[in-house]
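# Commentary on secondary and tertiary structure
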Amino acid sequence: MNEGELKNRRIIIKDIENNRVLADTRIKHYNSLSNSVMISAGSLQEIKFYNISAIIFTEKGLYESCGTVRGIVTGNEIEVFLGKSREKEDRAKTRYPISAEGKVKGIYIDNKEVSLHRGIHIETINMSANGMLIKSEAGSFDVGEIFTLLLEMGKDMLELQCEIVRIHRSDMLIEEYGCRINEIRTVRKGGGH
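Residues numbered from 1 in each chain as written. Predicted model: local features only at pLDDT ≥ 70, side-chain atom pairs only at ≥ 80, totals over all residues. Heavy atoms only, no water.

## Observations regarding the overall build of the protein
In terms of regular secondary structure, the protein is built from 1 helix and 14 strands. Taken over the C-alpha trace, the protein has a radius of gyration of 18 Å; the compact-globule value for 193 residues is 16 Å, and the two agree within 12%. Structurally, the protein occupies a C-alpha span of about 50 × 35 × 25 Å along its principal axes. Residues counted as buried form 45% of the 193 residues belonging to the protein. For the protein, long-range pairs separated by at least 24 residues make up 55% of all intrachain contacts whose partners lie at least 6 apart in sequence. The averaged location of the 28 negative side-chain charges in the protein is 3 Å from the averaged location of its 28 positive side-chain charges. (Helix = DSSP H or I, 4+ residues; strand = E, 2+ residues; numbered from the N terminus. Rg over C-alpha atoms; globule rule 2.2 N^0.38 Å. Buried < 20%, exposed > 50% of the residue type's maximum accessible area, 1.4 Å probe, protein only. Contact = heavy atoms within 4.5 Å. Lys, Arg positive; Asp, Glu negative; His and termini not counted. Charge placed at Lys NZ, Arg CZ, Asp CG, Glu CD.)

Written as C-alpha cells, this is what we have:
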C-alpha cells in the first residue's frame, strides 16, 4: 500500500468492543513507516483510545485491518493505526453496515458472462473485505450462482464478481443473499478506470 493508493479513499472504522461505526470518512494521508492513515478529527464524535477494525475501499479492492486510534489530534487530524490486515474469509469477520444500491449487469453461465437487459436491482445490508449481504426480490438468485454487480459508492462505482453462498428468506417478496466477493475493481462514473 502507498499514499497514492490510499489518499482520498473511503474508510469505515468500527469500535471492536461494541461493534459501533465510529467514522465513515476519507483518508487524508498514509504513513508507510507506521502503517497508519490520517483522517479528519471531526469525523470522530469522541476523541479517545479505541481498538478498531477498518475497511478501506481502494482501486484494487477492499482492504481490512485491525488496529487502534490513540486519541491524539495533530493539526485537526487524528492518526488511525491499521495494524495487521486479515487475509482469510471468516464468518466472524467484521461486517460494516453499508447501505448502497446496485444492479446486477450479468450472470455467469458455463464460465461466460451473459449480460442482462434490465439487470436485477439489489440493496446492500453489510459488507466485509471478502463478502457482503444483499437483499433483492425473492427467487433472484440460487446458491452457487456467480454474477457481476455494479454498486454505487459515492463518486465511484464498484464492479464486483460475486458468488451466492447462502440464502435467507426475509418474507414472501424479499430474500437476503450472502455473497462471497471473488473480484473487485473501481470504475469511474461515466466510464473508464
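## Here's the deal with the sheet that holds strand 7 (residues 77-81)
Here 7 strands make up an open sheet; going across it, the order is 2-1-5-6-7-4-3 and the pairing antiparallel. Each edge of the open sheet is held by one strand with a lone partner, namely strand 2 (21-26) and strand 3 (29-31). For this sheet the average axis-to-axis angle between neighbouring strands, irrespective of direction, equals 30°. Inspection of the sheet shows strand 6 (residues 61-74) paired to strand 7 by 4 bridges, in the antiparallel sense. By the bridge assignment, Thr68 is partnered in strand 7 with Phe81. (Pairing = 2+ DSSP bridges. Axes fitted to C-alpha atoms, helices over the stretch in contact; angles between N-to-C directions.)

## Quick notes on the confidence of the model for the protein
Of the residues in the protein, 92% reach a pLDDT of 70 or more, and the chain-wide mean stands at 88. Contacts from residues 87-91, a stretch scored under 50 in pLDDT, to residues over four places away or in other chains number 7 contacts. (pLDDT = per-residue confidence, 0-100.)

## Digging into the nonpolar core
In this structure, Phe57, Met127, Phe147, Leu151 and Leu160 are the most contacted members of the largest nonpolar core, which totals 27 residues. Taken together, the elements giving at least two residues each to this core come down to strand 5 (50-58), strand 9 (101-109), strand 10 (112-127), strand 11 (131-137), strand 12 (146-153), strand 13 (156-169) and strand 14 (174-188). Beyond its immediate stretch of four places on either side in the chain, Leu151 contacts Ala100, Glu101, Gly102, Ile122, Thr124, Met127, Asp156, Met157, Leu158 and Leu160. Core analysis: the second largest hydrophobic core is formed by 19 residues, Ile13, Ala23, Ile27 and Leu82 among them. (Core = buried A, V, L, I, M, F, W, Y, C linked by side-chain atoms within 4.5 Å.)

## Quick look at the packing of aromatic side chains
In this structure the tally under the stated criterion is 2 aromatic pairs. Geometrically, the ring pair formed by Phe141 and Tyr177 is edge-to-face, given 5.0 Å between the ring centres and 85° between the ring planes. Placement of the pair is Phe141 in the loop between strand 11 and strand 12 and Tyr177 in strand 14, with a sequence separation of 36 residues. The two residues Phe141 and Tyr177 agree in class, both being buried. Seen from the ring of Phe57, Arg10 lies directly overhead, with NZ or CZ sitting 5.2 Å from the centre. (Phe/Tyr/Trp six-rings, centres within 6.5 Å; stacked < 30°, edge-to-face > 60°. Lys NZ or Arg CZ within 6 Å of the ring centre and 35° of its normal.)

## A closer look at the pairing of strand 11
The element strand 11 is extensively covered by neighbouring structure, given that 5 of its 7 residues are classed as buried. Pairing of strand 10 with strand 11, which is carried by 4 bridges, proceeds in the antiparallel orientation. The residue bridging Met127 from the neighbouring strand is Met132, located in strand 11. In this antiparallel pair of consecutive strands, strand 10 and strand 11, the connection spans 3 residues.

## Considerations on the pairing of strand 13
Each regular strand displays side chains that alternate between the two surfaces of the sheet. Where strand 12 meets strand 13, 8 bridges bridge the pair, whose relative direction is antiparallel. Bridging from a neighbouring strand, Leu149 pairs with Leu160 of strand 13. In this antiparallel pair of consecutive strands, strand 12 and strand 13, the connection spans 2 residues, and Gly154 shows a positive phi of 65°.

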